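If you want the building blocks of each chain, they are given just below.
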Amino acid sequence: MSDRYTQFANSPLGRMLIKNLGLPAPLNLDRFQAGEPVINGAVLLGAAPGAVLTAGIARTLKNIQAEVHSYAQDQVVKTAKEAGLGVKVWNPEVDTEQKFKALVFDASGITRSDDLVQVYHFFHPVMRKLVESSRIIILGLPPEACTTPRQATAQRALEGFTRSLGKEVKKGGAAQLVYVAQDADKQAESTLRFFLSPRSAYVSAQVVRISASNTEAALDWNKPLAGKVALVTGASRGIGEAIAKTLARDGAHVVGLDIPALSDDLRVVTSMIGGSALALDITAGDAPAKIADYLKSNHGGVDIIVHNAGVTRDKTLANMTQQQWDMVMNINLCSEERINDELLAQNVIRENGRVICVSSISGIAGNMGQSNYGMSKAGVIGMVQSMAPLLYAKNITINAVAPGFIETAMTAAIPFAIREAGRRMNSMSQGGLPIDVAETIAWYASPASAGVNGNIVRVCGQSLIGA
Ligand SMILES: NC(=O)c1ccc[n+]([C@@H]2O[C@H](COP(=O)([O-])OP(=O)(O)OC[C@H]3O[C@@H](n4cnc5c(N)ncnc54)[C@H](O)[C@@H]3O)[C@@H](O)[C@H]2O)c1
């Protein structure tokens, strides 16, 4: 649905009025267009002394043909050169006109809190040099894997810095923290590409952990899902429709699933993308077996499962019927567990497979009138976190997105005042679009994301709810 305030805020009159009245100023966010480079603008690269991730970052920046600058930091220039990346040295006092689209800082060398000032030295001179929809990425080591409490403390501190910068960056910019485990730097490329590009338009202030993986995927970054089969539940409309179209855009054959009552709408979507339609209710007792049989007999298995189907039945607990409780729990959580169990038991999910779930910020923060929904979506997070180590052993990953306010039929039904609050109470002052959730899912789905496992990433423009 249309957000008229954002349209007005981007008109000449709107811009003037909003500035004078000090109102929220949502910007038209950059979003990915086919054929565009990963990043359109200069990148400033820096590192703390002793950093261990810079070579991997430099390889990615070289692969995406980024224009890279650094301060006169010998270590960064040398490491970049060894990785085949040319770097221009930038002196902020001399070249005052230079602007940046992205800032990337390798903080992995920081082993004690006194050295966190390195972060200040890198970011302070450049914060006024950012263009619209800019990207800030800080890379560090997972605190839980650090060898001393001092090192773990310093690395953990990066989280508060990143989340604060997300609130300061404005003009549609975003800041992320990526913790890269030992021996996992080769796995970080898909994540760096995602966070540098406009594909992550509505994702900000997230902390992602990359783990080591033996899976090395040589792939065409323009069609990363070529030859893959993806099942998307709730695919006939809203976020599910965007997920189906995005995975098909990336090369997958999509099996769209929705309830029989919406099979006509579902077929419209799947025929547009050359996919196939499977009409069934995921809560039916025989649904898991039917899904497994369908995927085995038609495709010999499945590579990607996106558990997107979900409903709300909002009531305060005192007013909630058990039917409302059961329906939400069954669709949003219990049926996903049953489907996963069946697909795993029958070995339907192929090697380097992906299980991707759609949670909600309501599952993180809770929401008035959503005890059933918040419980189901928190359960989804529990399912991801508990299954991740088990699936890792089978070379399968499981992750979740937690959307905030996304412009769909679900949010259009919210009363006006609550809807406006949901839309504006985030660092981008606007709701996200279904494509923003879909792009995040496409990043998880990529064969190059084998090191991204057990993560919960909010697609919420850094919503204040549950912040
Ligand atoms: N829209 C938002 O702002 C938002 C925010 C957070 C999370 N989410 C989650 O995103 C997902 C998609 O939401 P949406 O806004 O696109 O909603 P939507 O209502 O537009 O779409 C949900 C789809 O799931 C299908 N579905 C429902 N029950 C089913 C069942 N038993 N079997 C098969 N399919 C079933 C519906 O028919 C529908 O096509 C949901 O899990 C929702 O909880 C949405």
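Please read these numbers as outputs of a predicted model, since none were measured by experiment. (Residues numbered from 1 in each chain as written. Predicted model: local features only at pLDDT ≥ 70, side-chain atom pairs only at ≥ 80, totals over all residues.)

Peer 1: Can you walk me through the domain arrangement of the protein chain in this structure?
Peer 2: By a frequent convention, interface size equals the accessible area lost on bringing the separate parts together. One can read the domain layout of the protein chain as domain 1 (31–210) and domain 2 (229–459). With 21 residues of domain 1 in contact, the opposing surface of domain 2 contributes 18 residues. Contributing elements (two or more residues each) for the side of domain 1 that touches domain 2: α6 (149–168), α7 (189–196) and β7 (206–210). Its residues assigned to classes, the side of domain 1 that touches domain 2 comprises eight nonpolar, eight polar and five charged. (Domains from an automatic or database assignment. Contact = placed C-beta atoms within 7 Å. Helix = DSSP H or I, 4+ residues; strand = E, 2+ residues; numbered from the N terminus. Nonpolar A, V, L, I, M, F, W, Y, C, P; charged D, E, K, R; others polar.)

Peer 1: Is there a simple way to think about the site of the ligand in this case?
Peer 2: Inspection of the region around the ligand gives 27 residues, with Gly234, Gly238, Ile239, Gly310 and Met410 positioned closest. Among the residues forming the shell around the ligand, the class breakdown is 13 nonpolar, eleven polar and three charged. (Near = placed C-beta within 6 Å.)

Peer 1: Is there a simple way to explain the sheet that holds strand β8 (residues 229–233) in this structure?
Peer 2: Backbone hydrogen bonds are what pair the strands of a sheet, in a parallel or an antiparallel way. Taken in spatial order, the seven strands of this open sheet run β10-β9-β8-β11-β12-β13-β14, and their pairing is parallel. Across the chains shown, the open sheet's two edge strands, defined by having one partner strand only, are β10 (276–279) and β14 (456–459). The average undirected angle you get between the axes of adjacent strands in this sheet is 20°. Where β8 meets strand β11 (residues 302–307), three bridges bridge the pair, whose relative direction is parallel. From the neighbouring strand, Leu231 faces β11, where its bridge partner is Ile305. Sheet strands in contact with helix α11 (residues 322–345) are β11 and β12 (349–358), and its direction is about 180° off that of β12. (Pairing = 2+ DSSP bridges. Axes fitted to C-alpha atoms, helices over the stretch in contact; angles between N-to-C directions.)

Peer 1: I keep staring at the sheet that holds strand β3 (residues 87–89) and nothing clicks. Help me out?
Peer 2: What the seven strands build is an open sheet, ordered β3-β2-β1-β4-β5-β6-β7; its pairing is parallel. Every other strand in the sheet has two partners, leaving β3 and β7 as the edge strands with one partner each. Taking the axes of each pair of neighbouring strands and ignoring which way they run, one obtains an average angle of 25° across the sheet. Bridge count for strand β2 (residues 68–70) against β3 is three bridges, and the pairing is parallel. Along β3, the bridge assignment pairs Val68 with Val87. Sitting on the sheet, helix α4 (residues 74–82) touches β1 (43–47), β2 and β3, and the angle it makes with β1 is about 110°. Packed on one face of the sheet, α6 meets β5 (130–140), β6 (174–180) and β7 and runs near 165° to β6.

Peer 1: Just to check I follow, could you spell out the packing of helix α8 (residues 238–249) against helix α16 (residues 434–445) for this structure?
Peer 2: In a pair of packed helices, the angle between the axes and the distance between the axes together describe the arrangement. Across the interface, α8 lies against α16 with an axial gap of 8 Å and an inter-helix angle of 45°. It follows from the interaxial angle that α8 and α16 lie oblique. Where α8 crosses over α16, the two elements pack in a sense that is right-handed. Two secondary-structure elements touch here, α8 through Gly238, Ile239, Ala242, Ile243, Thr246 and Leu247 and α16 through Pro434, Ile435, Val437, Ala438, Glu439, Ile441, Ala442 and Ala445. Considering only residue class, the contact of α8 with α16 consists of eleven nonpolar, two polar and one charged. (Parallel < 35°, antiparallel > 145°, perpendicular 65-115°, else oblique. Left-handed = near helix turned anticlockwise from the far one by under 90°.)

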